[in-house]
Amino acid sequence: MKVNVHDPRGEELAQVLTRATAALAQVPSPRVDAELLAAHLLYDGSRSRLQHAALMGERLTPGQVAEYEALVARRGCREPLQHITGSAPFYRLELAVGPGVFVPRPETELLVEEALKVLAARTDPATGALRIVDLCTGSGAIAAAIKSELPNAQVFAVELSEDAIPYTRKNLEPLGVNLVQGDALTALPELTGTFDAVLSNPPYIPPANVPADPEAALHDPDMALYGGGEDGMQMPSAIAARAFELLAPGGLFIMEHDDTQEEAVAKLLARVGFEGCYPVRDLNNRPRHSVGYKPRPLEPLD
C-alpha cells in the first residue's frame, strides 16, 4: 500500500481499506481483518464508526497510513489478529490476550452456555451461592464469562503458565474471580469435594494433529494445545479425575475436547465415575464438549 504523499488532504480511507483487503488475501477473512485493524488503530475498536467514516469519505494522513500498513504487514505474516489488537471477543466480553496465552475460540462459548443452563436451575435467587472452578483457564475466558453471568457465585480459576498469567490476571481480577497460579491437577486441595461445577478447556490435541492455521500452530502455546499421549487424552484424563475429586456430590463437570474424541471421553467419564453423561455439539453438529455429574450418595432404605 502506498499513499500519495503529495496530496495535502491525505488518502481516502475507503481506498486504503481496499488495498489492505487485497494485501490480506491469504488470511481467512481479509476484509473483516482489514477493517478490524483500522478500527483498532483509528476508532477505539469500533468497526461501525470505521465503516461510517469510510462511507463519508474520511481521509488518512500519510503517517496514519504508514502506521496502518505496519499492522497489515504483521497480519499478512499470519500473526493472530488478536495479538495485534491485544484483545479477543468472548461471550459478550473483550479479553486481553497476546503472545503466550491461548486465544479463546467461539466454540468454547457453547461450554459456557451449557454450564449456565444447568447452573441456573441450581442457583439460589437470594444468594447465588455456587462454587465453580475453571481448570486450565488460560486467558480466563470461561471463568470470566461465568462470573459475569453469575456475579454472586464464588468462581475460581487455575492456570500454570507464567506467560499466560499476566493476561489471566488482567481479565479476572476486575470481576472478582479467585485466580490461583498453579497446577490444575493439585490446586485447591483445601476445597476438595466442595465445588458445584468444574469446567475445563484443557489441552487435548493429539501430537500428530498440528493445527492447519499458522495462527494456532505458530502462536498458540504448545502447553495449551497438546494433550499428551498418542491420542491427546493424557491431560483430559487427569483433569476428569481431578474434577471428580473437587466436585461435591451431584456436581457438574463439562470439558471441551476434540471432535474425534467423543467416544474416548465418554469411556473416560464412565471410568472415573461420572453419571448422566452426554455430549454437547457445536453448530456443525460436531461433539466438542462432554458433560457428566458426580453421583449423589444412595438414600438409605427405610
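Residues numbered from 1 in each chain as written. Predicted model: local features only at pLDDT ≥ 70, side-chain atom pairs only at ≥ 80, totals over all residues. Heavy atoms only, no water.

Attention now moves to the overall build of the protein. Counting its secondary structure elements, the protein contains twelve helices and eleven strands. Each principal axis of the C-alpha distribution contributes one length, and for the protein these read about 90 × 45 × 35 Å. By residue count, 49% of the 302 residues in the protein fall in the buried class. Considering only intrachain contacts with a sequence separation of at least 6, the fraction spanning at least 24 residues in the protein is 64%. Accessible surface, the protein: about 14,400 Å² in total, of which carbon and sulfur atoms supply 54%. Treating the 26 positive side-chain charges of the protein as one cloud and the 41 negative ones as another, the clouds have centres 4 Å apart. (Helix = DSSP H or I, 4+ residues; strand = E, 2+ residues; numbered from the N terminus. Buried < 20%, exposed > 50% of the residue type's maximum accessible area, 1.4 Å probe, protein only. Contact = heavy atoms within 4.5 Å. Areas by Shrake-Rupley, 256 points an atom, 1.4 Å probe, with all protein chains shown as cover. Lys, Arg positive; Asp, Glu negative; His and termini not counted. Charge placed at Lys NZ, Arg CZ, Asp CG, Glu CD.)

With that out of the way, let us pick up the packing of aromatic side chains. Evaluation of the coordinates by the stated rule reveals three aromatic pairs. On the numbers, 5.6 Å between centres and 85 degrees between planes, the contact of Phe-156 with Phe-195 is edge-to-face. Note that Phe-156 is positioned in strand 6 (residues 154-159) and Phe-195 in strand 8 (residues 195-200), a separation of 39 residues in sequence. By the burial criterion, Phe-156 is buried, and Phe-195 matches it. Each ring, one from Phe-244 and one from Phe-274, has its centre 5.1 Å from the other, and the planes form 85 degrees; the classification is edge-to-face. Here the residue Phe-244 occupies a position in helix 11 (residues 234-246), and Phe-274 occupies one in the loop between helix 12 (262-272) and strand 10 (275-281), the gap between them amounting to 30 residues. Put simply, the rings of Phe-244, Phe-253 and Phe-274 touch in pairs and so form one group of aromatic residues. Against the face of Phe-244 rests Lys-294, its NZ or CZ located 4.9 Å from the ring centre. (Phe/Tyr/Trp six-rings, centres within 6.5 Å; stacked < 30°, edge-to-face > 60°. Lys NZ or Arg CZ within 6 Å of the ring centre and 35° of its normal.)

With that out of the way, let us pick up the nonpolar core. Residues Val-112, Leu-119, Ile-132, Ile-146, Leu-150, Leu-199 and Leu-252 are the most contacted members of the largest nonpolar core, which totals 30 residues. When contributions to this core are tallied by element, the ones reaching two or more residues are helix 6 (108-120), helix 7 (141-149), strand 6, strand 8, strand 9 (247-256) and strand 11 (287-293). Contacts of Ile-132, omitting those with residues within four sequence positions, involve Leu-119, Ile-146, Leu-150, Ala-153, Gln-154, Val-155, Phe-156, Phe-195, Ala-197 and Leu-199. The next biggest cluster of nonpolar side chains, apart from the first, holds 24 residues, and it includes Cys-136, Phe-156, Phe-195 and Met-255. (Core = buried A, V, L, I, M, F, W, Y, C linked by side-chain atoms within 4.5 Å.)

We now examine the confidence of the model for the protein. A residue-level look at the protein finds 94% of positions with pLDDT of 70 or above and a mean pLDDT of 93. Here residues 1-6 is a poorly scored stretch, pLDDT under 50, and it has 13 contacts once near neighbours within four places are set aside; other chains count. (pLDDT = per-residue confidence, 0-100.)

Strand order across the open sheet formed by seven strands is 7-6-5-8-9-11-10, with mixed pairing between neighbours. The strands lining the two open edges of the sheet, one partner per strand, are strand 7 (178-181) and strand 10. With direction set aside, neighbouring strand axes in the sheet form an average angle of 15 degrees. Relative to strand 7, strand 6 is paired through four bridges, and the arrangement is parallel. Across the sheet, Glu-159 pairs through a bridge with Gln-181, a residue of strand 7. Each of strand 5 (131-135), strand 8, strand 9, strand 10 and strand 11 is contacted by helix 6, which is oriented at about 160 degrees to strand 9, the strand it contacts most. Sheet contacts for helix 11: strand 5, strand 8 and strand 9; angle to strand 9, the most-contacted strand, approximately 155 degrees. (Pairing = 2+ DSSP bridges. Axes fitted to C-alpha atoms, helices over the stretch in contact; angles between N-to-C directions.)

Moving on to the pairing of strand 9. Here strand 9 lies mainly inside the structure; nine of its ten residues are buried. As paired elements, strand 8 and strand 9 share five bridges and run parallel to each other. What sits directly across from Phe-195, in strand 9, is Leu-247. Here five bridges tie strand 9 to strand 11, and the two strands are oriented antiparallel to one another.

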